[in-house]
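A structural walkthrough
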Number of protein chains: 2
Amino acid sequence: KTHYETDIDSGNTNRLNTILEKVYYDVDTHPSESLDWFNVLIAQTIQQFREEAWQRDNIVHSLNDFLHSKSSEMPSYLDDIKITELDIGDDFPIFSNCKIQYSPNSNKKKLEAKIYIDLNDRLAFGIETKLLVNYPKPRTAVLPVNLTVAIVRFQACLTVSLTNAEDFVPTTKETASSQDDDGYFLMFSFGPEYKMDFDIESLIGARSKLQNIPKISSVIEYHIKKWFVERCVEPRFQCIRLPSMWPRSKNTREEKVDTDDVPLSKAE
Amino acid sequence: KTHYETDIDSGNTNRLNTILEKVYYDVDTHPSESLDWFNVLIAQTIQQFREEAWQRDNIVHSLNDFLHSKSSEMPSYLDDIKITELDIGDDFPIFSNCKIQYSPNSNKKKLEAKIYIDLNDRLAFGIETKLLVNYPKPRTAVLPVNLTVAIVRFQACLTVSLTNAEDFVPTTKETASSQDDDGYFLMFSFGPEYKMDFDIESLIGARSKLQNIPKISSVIEYHIKKWFVERCVEPRFQCIRLPSMWPRSKNTREEKVDTDDVPLSKAE
């Protein structure tokens, strides 16, 4: 290490210490904080989302279209997948125990919030597909399969930070081109010890013959976890550009004025 | 009120009660929560913003351009305004005492977070302009003016909610056209009892003759407060479209891998 680098390190550490002093936060002794208010706001938003989804009832169609477009990426022993059931849950995530820590591996140069998240809900989709035996020739045998895949528990440690810096690299070339250095970003990531519990049931062949097929269950579970890990489990993280919070005329709104004493919104 | 409307009202209230039960929040008894972790994240971001601003040193130029473009909207007794000084502060806002409440006038149909914010800092800009006496004819007399306008304290009660609903109307026609019904929004607003303390000094005419001119001070203070009130003081609020938090490949990043044991970021 050169003297120059050592000076910069201590400069960065001092700077964070100054910030922590000015906002009265001691990372060693500050107790973790609750986020009950945040849980309420998030729950209210999820509830609005669910009500819209129930009204429109078009999620199943959208997902079917999506799966159809991805059918070429499916393993060859699976036919097209059709969604037959969708449960968007009726509980809400609980965020808790928020603490500020130095980002691991940042050499005390960055601060991030560490938050526990626990979701105890049933998010399920039922699918219909066919298991294909492609040997000795394609579709030698075709077995109808009915599957219900449910995530019944999600627990993880979430880290969150805000930044305008770009001390990170895109994971694919595609992202590099769409990247823009300006603005502020919310970065979040889940710890690798996350828990994602599944409840997977399958009906194969004749309707009367109900049995679990561990192979299919594990393929599905593997793909969902792979999707998740590749995007937002450490060392990968999501980096979302934040909109400007600067007050602007075009973002200004007022409550609807109604002559009635009980204003009715569209949603009713 | 019709029976139908009464049913809807109680349905909405029950729905919020269910949400509050599921996230274990009782609006009547829940103590207010601290936001010290949030203060750290915000402070770190402001610090990054300040470091960038100090490095670039182009804020004064940008503001001068902006003021020049707005010169036609200035009162006729003021000449063009040129910014001579800019202080972006060195302290950080403190958010605290966060509590969930039913939105006033919402008939218990909406929940929002109420947060105290306190900023004890000096945000100053010094300007140079001329006071024009336009009677009996334009520019009968011209008095050079040097002003320093500083905001030294800001205290307010902030309300925040998340929504995908559109129970509100734009305040101008311009906003109506750019409005888009999809997506989720962060809504925020400051209570009308906000406190914004100014420290305004002026130097008029000969350099030796230092004196405060209450007229100019109050014009400036009036315009800043008007700008603020028109945008984000109740009943007006800011409605910011939130980006999707759904994990995507294009938003995935990794830490930079460096052969050195102390990775150096651009900012150093």
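Conventions used here
- Residues numbered from 1 in each chain as written.
- Chains lettered and ligands numbered in written order.
- Predicted model: local features only at pLDDT ≥ 70, side-chain atom pairs only at ≥ 80, totals over all residues.
- Heavy atoms only, no water.
- Helix = DSSP H or I, 4+ residues; strand = E, 2+ residues; numbered from the N terminus.
- Buried < 20%, exposed > 50% of the residue type's maximum accessible area, 1.4 Å probe, protein only.
- Contact = heavy atoms within 4.5 Å.
- Areas by Shrake-Rupley, 256 points an atom, 1.4 Å probe, with all protein chains shown as cover.
- Expected span 1.5 Å × (residues − 1).
- Pairing = 2+ DSSP bridges.
- Core = buried A, V, L, I, M, F, W, Y, C linked by side-chain atoms within 4.5 Å.
- Phe/Tyr/Trp six-rings, centres within 6.5 Å; stacked < 30°, edge-to-face > 60°.
- Polar contact = N/O pair within 3.5 Å; in protein donor to acceptor, adjacent residues only side chain to side chain.
- Salt bridge = Lys/Arg side-chain N within 4 Å of Asp/Glu carboxyl O.
- pLDDT = per-residue confidence, 0-100.
- Disulfide = S-S within 2.5 Å.

Things to note about the overall build of chain A
- Across its full length, chain A carries five helices and 10 strands.
- Within chain A, buried positions represent 41% of all 268 residues.
- Summarising the internal contacts of chain A: among those between residues at least 6 apart in sequence, 70% fall at separations of at least 24.
- Carbon and sulfur atoms make up 54% of the accessible area of chain A, which totals about 15,000 Å².

Points about helix α5 (residues 214-232) of chain A
- If you check α5(A), its first and last C-alpha atoms are 27 Å apart, about what 19 residues at 1.5 Å a residue would give, namely 27 Å.
- All buried positions along α5(A) are accounted for by I216(A), S217(A), V219(A), I220(A), F228(A), R231(A) and C232(A).
- The secondary structure elements touched by the buried residues of α5(A) are β4 (123-133), β5 (141-163), β7 (184-190), β8 (195-204) and β9 (236-242) of chain A together with β10 (252-255) of chain B.

With respect to the environment of V229(B)
All names here are of chain B.
- Topologically, V229 is positioned in helix α5 (residues 214-232).
- The spatial distance from the C-alpha of V229 to the C-alpha of F190 is 8.6 Å, given a sequence separation of 39 residues.
- In this structure, V229 is in contact with Y194 and R236, ignoring residues within four places of it in sequence.

Digging into the pairing of strand β3 (residues 111-119) of chain A
Residue and element names in this part refer to chain A.
- Pairing analysis gives seven bridges linking strand β2 (residues 94-102) to β3, with the strands arranged antiparallel. Looking across to β3, one finds that F95 is bridged to I117.
- Sheet topology note: the β3/β5 ladder contains seven bridges and is antiparallel. Its bridge partner being in β5, Y116 is matched across the sheet by C157.

Considerations on the nonpolar core
- Counting residues in hydrophobic clusters, the biggest one holds 101 residues, and the most contacted among them are F190(A) and F190(B).
- Discounting residues that sit within four places of it in the chain, F190(B) has contacts with I117(B), F154(B), A156(B), C157(B), L158(B), F228(B), C232(B), V233(B) and E234(B).

A look at unusual backbone geometry
- Cis peptide bonds are those with omega within 30 degrees of zero, and the linkage from E234(A) to P235(A) qualifies with 10°.
- Structurally, the position occupied by P235(A) is in the loop between α5 and β9.
- Residue Y135(B) is joined to P136(B) through a cis peptide bond whose omega torsion reads 10°.
- For P136(B), the location among the structural elements is in the loop between β4 (123-133) and β5 (141-163).
- Here the phi dihedral of N107(B) falls at roughly 60°; this positive angle occurs in a residue that is not glycine.

Side note on the packing of aromatic side chains
Residue and element names in this part refer to chain A.
- Evaluation of the coordinates by the stated rule reveals 16 aromatic pairs over all chains.
- Ring geometry for W37 versus F38: centroids 5.7 Å apart, planes at 70°, classification edge-to-face.
- Every member of this aromatic cluster is reached through a ring pair, and the members are F154, F188, F190, Y194 and F228.

Brief notes about the pairing of β4(A)
All names here are of chain A.
- Bridge count between strand β1 (residues 82-87) and β4: five bridges; the pairing is antiparallel. Opposite E85, over in β4, you have G126 as the bridge partner.
- By the bridge criterion, 11 bridges tie β4 to β5 in an arrangement that is antiparallel. Its bridge partner lying in β5, I127 is registered against L147.

A word on the environment of F38(B)
- Its location among the elements puts F38(B) in helix α2 (residues 36-56).
- Along the sequence, F38(B) and I94(B) sit 56 residues apart, while their C-alpha atoms lie 8.8 Å from each other.

Details of the side chain of S106(B)
All names here are of chain B.
- As for its placement among the helices and strands, S106 is situated in the loop between β2 (94-102) and β3 (111-119).
- You can call S106 buried: its relative accessible area is 10%.
- A polar contact is formed between the side chain of S106 and the backbone nitrogen of K110, at a distance of 3.3 Å.

Looking at the pattern of salt bridges
- Summed over all chains, the structure comprises 24 salt bridges over all chains.
- The partner of R50(B) in a salt bridge is D121(B), with the nearest N and O atoms 3.2 Å apart. One end of the pair, R50(B), is in helix α2; the other, D121(B), is in the loop between β3 and β4, and 71 residues separate them in sequence. An identical accessibility class is assigned to R50(B) and D121(B); each is buried.
- Within this structure, D79(A), K130(A) and R139(A) form a network of salt bridges that share partners.

Focus: the side chain of T159(B)
- Topologically, T159(B) is positioned in strand β5.
- Apart from residues lying up to four places away in sequence, T159(B) is in contact with Q101(B), E112(B), A113(B), K114(B), M187(B), F188(B), S189(B) and E234(B).

Remarks on the environment of Y184(B)
- Relative to the helices and strands, Y184(B) is located in strand β7 (residues 184-190).
- Sequence separation between Y184(B) and L162(B) is 22 residues, and the spatial gap between their C-alpha atoms is 7.1 Å.
- Not counting residues up to four positions away in its chain, the partners in contact with Y184(B) are T45(A), F49(A), T163(B), N164(B), I240(B), R241(B) and L242(B).
- Of the polar contacts made by the side chain of Y184(B), one reaches the side chain of N164(B); its length is 3.5 Å.

Side note on the confidence of the model for chain A
Residues and elements named next belong to chain A.
- Looking at chain A, pLDDT values average 83 and 81% of them are 70 or higher.
- Considering only residues more than four positions removed or in separate chains, one finds that residues 175-179, a stretch of pLDDT under 50, has eight contacts.
- Confidence drops under a pLDDT of 50 for residues 259-268, and excluding neighbours within four residues, the segment shows 19 contacts in the predicted structure.

A closer look at the state of the cysteines
- According to the stated counting rule, one finds zero disulfides over all chains in the structure shown.
- No disulfide involves C98(A); its sulfur sits 9.9 Å from the nearest other cysteine sulfur, which is in C157(A).

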